[in-house]
Amino acid sequence: LIHWTHNRLMQGRNTVLPPGMESAPITHYNDGMETTPQRWRALDDLRGLVILVMIPVNAMMDFTTTPDWFRHAPGPGLTLADCVLPAFLFALGISASFSLRRRVAERGLPRTMLHGLLRYGLLFAFGTIGYFLVWQQANWEVLQLLGLAGGFAFLLMFLPAVWRLVAAGLILVGVELLRPVFF
């Protein structure tokens, strides 16, 4: 997999995005600071909006006076709070592809893969240690899940688009099959 991806990058494609996405138009801007890299303004705006909504949604979750439209839907339904995480993950995925391309070009594929796996491994380790220090028990919490899922997804980013779709389908089927066992 590493050899295949390295060959694709060295063939002048300089990307790990699916074919056709390499030349997607990006509107660049510079906020006047000399050291600021060119950015995709719509993506920055989306991230800012999501964080702007995420903070009060999470802060007001436990209050009884919070309006229903500002809480997660208790069953079938959709509220503003239910849109925050999907929008955040969408923005994260888009920016991760830009970051991955830049990092591979600057540091090479092996160092990029090591960096990504180390990062997700640290998330898993800090989550495990933190949970154990607070609750004095070993259990799965958010940081461990993010570290494990992120590390797995990071490896999938290097596959061609068709194989990423196949992997996503297999993951969804696996989750649905295992749901009765764990939930």
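The following paragraphs examine the structure supplied in this document. (Residues numbered from 1 in each chain as written. Predicted model: local features only at pLDDT ≥ 70, side-chain atom pairs only at ≥ 80, totals over all residues. Heavy atoms only, no water.)

**Notes on the packing of helix H2 (residues 41–59) against helix H3 (residues 80–107)**
In the contact formed by H2 and H3, the axes pass within 9 Å of each other and the chain directions differ by 145 degrees. Considering only the axes of H2 and H3, their crossing is left-handed. Contacts between H2 and H3 involve Leu43, Leu46, Arg47, Val50, Ile51, Val53, Met54 and Val57 from the first element and Leu80, Ala81, Val84, Ala87, Phe88, Phe90, Ala91, Ile94, Ser95 and Phe98 from the second. A per-class count over the contact of H2 with H3 returns 16 nonpolar, 1 polar and 1 charged. (Axes fitted to C-alpha atoms, helices over the stretch in contact; angles between N-to-C directions. Helix = DSSP H or I, 4+ residues; strand = E, 2+ residues; numbered from the N terminus. Left-handed = near helix turned anticlockwise from the far one by under 90°. Contact = heavy atoms within 4.5 Å. Nonpolar A, V, L, I, M, F, W, Y, C, P; charged D, E, K, R; others polar.)

**Things to note about the packing of aromatic side chains**
With the rule as written, the count across this model stands at 4 aromatic pairs. When the centroid spacing of 5.3 Å and the interplanar angle of 65 degrees are considered together, the rings of Trp40 and Phe98 count as edge-to-face. You can see Trp40 sitting in strand E2 (residues 39–40) and its partner Phe98 sitting in helix H3, a full 58 residues away along the chain. Pairing Trp69 with Phe70 gives two aromatic rings, centres 5.2 Å apart and planes at 75 degrees, and the pair type is edge-to-face. Ring pairs connect the aromatic residues Tyr120, Phe154 and Phe158, which therefore count as one cluster. (Phe/Tyr/Trp six-rings, centres within 6.5 Å; stacked < 30°, edge-to-face > 60°.)

**Let's talk about a nonpolar patch on the surface**
Where nonpolar side chains cluster on the molecular surface, the patch consists of Leu118, Leu122, Phe126, Val142, Leu143 and Leu146 and spans about 570 Å² of accessible area. Of all elements in the fold, only helix H4 (109–135) and helix H5 (142–156) reach the threshold of two or more residues within the nonpolar patch. Position of Val142 among the secondary structure elements: in helix H5. Residue class for Val142 comes out exposed when judged on its relative accessible area of 52%. (Patch = residues over 30% accessible without salt bridge, like charges linked within 9 Å, V, L, I, M, F, W, Y side chains within 5 Å. Areas by Shrake-Rupley, 256 points an atom, 1.4 Å probe, with all protein chains shown as cover. Salt bridge = Lys/Arg side-chain N within 4 Å of Asp/Glu carboxyl O. Buried < 20%, exposed > 50% of the residue type's maximum accessible area, 1.4 Å probe, protein only.)

**Comments concerning the pattern of salt bridges**
Tallied over the full model, the rule gives 2 salt bridges. The salt bridge partner of Asp44 is Arg47, with a shortest N-O separation of 2.4 Å. Taken together, the residues span about one helical turn, with Asp44 and Arg47 both in helix H2 at a distance of 3 residues. Given the relative accessible area of 18%, Asp44 is considered buried. Taking the shortest distance from any N to any O, the salt bridge between Glu106 and Arg102 comes out at 3.7 Å. Here the residue Glu106 and the residue Arg102 both occupy positions in helix H3, the gap between them amounting to 4 residues, near one helical turn. Given a relative accessible area of 55%, Glu106 falls into the exposed group.

**Structural notes on H2**
Between the first and last C-alpha of H2 there are 27 Å, a value that for 19 residues agrees with the 27 Å anticipated at 1.5 Å per step. Every buried residue belonging to H2 is among Leu43, Asp44, Val50, Val53 and Val57, and all of these are buried. (Expected span 1.5 Å × (residues − 1).)

**Focus: the packing of H4 against H5**
Across the interface, H4 lies against H5 with an axial gap of 7 Å and an inter-helix angle of 165 degrees. When the axis of H4 is compared with that of H5, the two are roughly antiparallel. Considering how the two elements wind past one another, H4 and H5 form a crossing that is left-handed. Every residue of H5 that contacts H4 at Thr112, Met113, Gly116, Leu117, Tyr120, Leu123, Phe124, Gly127, Thr128 and Tyr131 is listed here: Leu143, Gln144, Leu146, Gly147, Leu148, Gly150, Gly151, Phe154 and Leu155. For the contact of H4 with H5, the per-class residue count stands at 11 nonpolar, 8 polar and no charged. (Parallel < 35°, antiparallel > 145°, perpendicular 65-115°, else oblique.)

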